[in-house]
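Observations on chain architecture
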Amino acid sequence: MTGDPLALVLFGRQGAGKGTQCDLLVERTGAAHISTGDMLRAAIAEGTPLGLQAKELLDAGDLVPDELIIGIVRDRLAADDIAAHGWILDGFPRTLAQAEALWALLGPDGIRLALNIDVPLDLVRERMLGRGRADDNDEAIDRRLELYEAETTQAIDFFAEQGRLVTVDGVGTVDEVAARIAAAIDAAG
Ligand code: AMP
């Protein structure tokens, strides 16, 4: 991988292995892993006003409002570590409005690549049921997958229209998928 700080948007259905692959990329590149889901779960655990607002939505598998999550990501991207070490966005953007807001915030040169880790629907469903997280009940899983098809595919299409999207096959071992991702990042320069 090149020495430039990473500026990477990672897409993939819930359960596609985004978190695992982010951890590996963070180890290799030192980029900041920005997971909006992790940030929201931390806010819920701490009982902050944001957490109180978000809890029911997360439990149901619904999306938190765009303005709220866009504000959180904007603040996080403005932090000192970002310019020096780069970033990987995991779980954001999830809607077209979020994608457009990110594009407006960073500009065409501010995002190196949007990468879609593609794992078929039935396989991610199996993986998620095996994972057993607190918000991973059947209904919440179905709702999240439904919202992914209805909303997040529009965000993915947005990056495809900008010529920034690369799709990698997410079926295989962690190492195999990591190698495909590394190759895609290298190819993007
Ligand atoms: P995740 O860990 O990325 O699967 O996110 C868990 C939950 O947090 C989602 O099901 C949503 O309720 C909420 N969430 C995370 N990221 C976003 C986002 N970008 N927009 C709206 N809601 C989000």
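Being a predicted model, the structure only gives us computed values, none of them experimental. (Residues numbered from 1 in each chain as written. Predicted model: local features only at pLDDT ≥ 70, side-chain atom pairs only at ≥ 80, totals over all residues. Heavy atoms only, no water.)

**Focus on the packing of helix α7 (residues 121-131) against helix α8 (residues 138-161)**
Counted only if it meets this: Convention adopted: a line fitted to C-alpha atoms gives each axis, helices being fitted over their contacting stretch, and angles between N-to-C directions are expressed from 0 to 180 degrees. Note on conventions: DSSP H or I runs of at least 4 residues are helices, E runs of at least 2 residues are strands, and numbering of each starts at the N terminus. It is the rotation of the near helix from the far one that decides the hand of a crossing: anticlockwise by less than a right angle makes it left-handed, clockwise makes it right-handed. The contact criterion used throughout is that any non-hydrogen atoms of two residues lie within 4.5 Å. When residues are grouped by polarity, Ala, Val, Leu, Ile, Met, Phe, Trp, Tyr, Cys and Pro land in nonpolar, Asp, Glu, Lys and Arg in charged, and all others, Gly among them, in polar.
Interaxial distance between α7 and α8 falls to 11 Å at its minimum, and their mutual angle equals 145°. Relative to α8, α7 is oriented so that their crossing is right-handed. Contacts between α7 and α8 involve Leu 121, Val 124, Arg 125, Met 128 and Leu 129 on the former and, on the latter, Asp 138, Ile 141, Asp 142, Arg 144, Leu 145 and Glu 149. Classifying every residue of the contact of α7 with α8 gives 6 nonpolar, no polar and 5 charged.

**Here's the deal with the pairing of strand β3 (residues 86-90)**
This is how the line gets drawn: The buried label applies to any residue whose accessible area, calculated with a 1.4 Å probe on protein chains only, is under 20% of its type's maximum; exposed applies above 50%, and partly exposed to all values in between. Strand pairing is defined by DSSP finding a minimum of two bridges between the two strands.
Burial runs high along β3: 5 of the 5 residues are buried. Summarising the sheet, strand β1 (residues 6-11) and β3 pair through 5 bridges and their orientation is parallel. By the bridge assignment for β3, Ala 7 is matched with Trp 87. Judged from the 4 bridges that link them, strand β2 (residues 32-35) and β3 form a sheet pairing that is parallel. Among the inter-strand pairings, Ser 35 is bridged to a residue of β3, identified as Asp 90.

**Concerning the packing of aromatic side chains**
Here is the rule we go by: When two rings of Phe, Tyr or Trp (its six-membered ring) have centres within 6.5 Å they constitute a pair, described as stacked for plane angles under 30 degrees, edge-to-face for angles over 60, and tilted for the intermediate range.
The tally for this structure, following the rule as stated, stands at 4 aromatic pairs. Seen from their ring centres, Trp 103 and Phe 159 are 6.1 Å apart, and the 75° between their planes marks the pair as edge-to-face. Here Trp 103 is found in helix α6 (residues 96-106), whereas its partner Phe 159 is found in helix α8, with 56 residues between them in sequence. Across the pair, Phe 159 and Trp 103 agree in class, each one buried. The interplanar angle of 90° and the centroid separation of 5.5 Å between the aromatic rings of Phe 158 and Phe 159 together place this pair among those described as edge-to-face. Overall, the relative accessible area of 0% leaves Phe 159 in the buried class.

**Here we look at the sheet that holds β3**
Pairing within the open sheet is parallel, and its 5 strands lie in the order β2-β3-β1-β4-β5. The open sheet terminates on both sides in strands that have one partner only, identified here as β2 and β5 (165-169). Ignoring which end each strand starts from, the neighbouring axes of this sheet average 25° apart. With 4 bridges connecting them, β1 and strand β4 (residues 113-118) associate as parallel partners. The residue bridging Leu 10 from the neighbouring strand is Leu 115, located in β4. Across the face of the sheet, helix α2 (residues 36-46) comes into contact with β2 and β3 while running at roughly 70° to β2.

**Some remarks on the side chain of Lys 18**
What counts, and what does not: The sign given to each residue is positive for Lys and Arg and negative for Asp and Glu; His and the chain ends receive no count. Any carboxyl oxygen of Asp or Glu within 4 Å of a side-chain nitrogen of Lys or Arg constitutes a salt bridge here.
Examined against the element boundaries, Lys 18 turns out to sit in helix α1 (residues 18-29). Buried charge without a partner: Lys 18 forms no salt bridge, and the closest opposite charge is Asp 90, 4.1 Å away. Once residues lying within four places of it in the same chain are set aside, the contact partners of Lys 18 are Leu 10, Phe 11, Gly 12, Arg 13, Asp 90, Gly 91 and Ile 117.

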